[in-house]
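Structural characterization, general
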Amino acid sequence: MALADTDTTTVNAVRPLAVVLFGSPGSGKGTQSKFLVRWLGIPQVSTGDMLREHVRTGTAIGKSIAARMKAGELVPDRLVNELVFERLSRPDCERGYILDGYPRTPEQAAEMLRVLGAAGTAEVVIHLVVDYNVIIARMAGRRVCPTCGTLYNAISNRPVQEGVCDLDGATLVVREDDRPEVVRARLNEYEALTRPVLESFRQAGVKLFEVNASDQAPQQVFEQIRAELASRGLTEPGLVEQSPAARGRTELVGK
Ligand SMILES: [Zn+2]
């Protein structure tokens, strides 16, 4: 990627791009993350995956997390921040990364803005907006095969025979996490704990845009995201600044 020869004033060619995917449980953050990874060529950093991996492999952190979850406690912000910043310091995040499930509390957001601000990172927040009734209905329509783990749903991936796995004939079941009362509890927690993060971002002047993710196919949602990022010139992670004029604009962000 050569910079224009005539642009001798370029100072900083590598400026990491942090794409924050924000939205309630069931808004499709994971799916959109994967589209973005493929398109932008930067890694997805999912706090949920990282925490589960620590629990699965039984690290010291994993044991402390498992004990807290068993007691119904939240993982402390300090610990989540530590895990995330350690991950972001690795070489594959040099040009940028996609944050999925972080920050989850205003305290995490404040720390993120402080650390990323000091590193000169460009941030953009994508808010996936969904109607909660749509989420509850969508989750309630999901079924899983208890034998082979295949996921089915009432909209885009129905089994050939209602309630029966196509692969092994097992009777499909509703996952605990998809039960309407469990989904409602998670949405309430999101409203109380996580939604205020949006206000932190607005107050900090972070670039933020909303995408309607309620009643469109994932690919259509992604097309909207792509158009929004392109209109802001955020399609080349690690190469955000090219001219003094552009630098002046980006410096207004993220204070
Ligand atoms: Zn099966």
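In the block above lies the structure referred to throughout.
A closer look at helix 9 (residues 218–231)
The terminal C-alpha atoms of helix 9 lie 20 Å apart, and with 14 residues this matches the ideal 20 Å at 1.5 Å per residue to within 8%. Of all the residues in helix 9, the buried ones are Val-221, Phe-222, Ile-225 and Leu-229. Taken end-on, helix 9 shows its buried residues confined to a sector of 100°, consistent with a single buried face. Turned more than 90 degrees from where helix 9 packs its buried face, Gln-219, Gln-220, Ala-227, Ala-230 and Ser-231 sit exposed. Taken together, the buried residues of helix 9 touch helix 1 (29–40), strand 4 (122–129) and strand 7 (207–212).

A look at the packing of helix 1 against helix 9
Two measures define how a pair of helices packs: the angle their axes make with one another and the distance between the axes. One can describe the packing of helix 1 onto helix 9 by two numbers: an axis separation of 10 Å at closest approach and a directional angle of 55°. Classified by the angle between their axes, helix 1 and helix 9 sit oblique to one another. For the pair helix 1 and helix 9, the crossing hand works out as right-handed. Packed against helix 1, whose contacting residues are Thr-31, Gln-32, Phe-35 and Trp-39, the element helix 9 presents Pro-218, Val-221, Phe-222, Ile-225 and Arg-226 at the interface. Looking at side-chain class alone, the contact of helix 1 with helix 9 contains six nonpolar, two polar and one charged residues.

About the cut-offs
- Residues numbered from 1 in each chain as written.
- Predicted model: local features only at pLDDT ≥ 70, side-chain atom pairs only at ≥ 80, totals over all residues.
- Helix = DSSP H or I, 4+ residues; strand = E, 2+ residues; numbered from the N terminus.
- Expected span 1.5 Å × (residues − 1).
- Buried ≥ 20, exposed ≤ 12 C-beta atoms within 10 Å, placed from the backbone.
- Arc of directions from axis to C-beta.
- Contact = placed C-beta atoms within 7 Å.
- Axes fitted to C-alpha atoms, helices over the stretch in contact; angles between N-to-C directions.
- Parallel < 35°, antiparallel > 145°, perpendicular 65-115°, else oblique.
- Left-handed = near helix turned anticlockwise from the far one by under 90°.
- Nonpolar A, V, L, I, M, F, W, Y, C, P; charged D, E, K, R; others polar.

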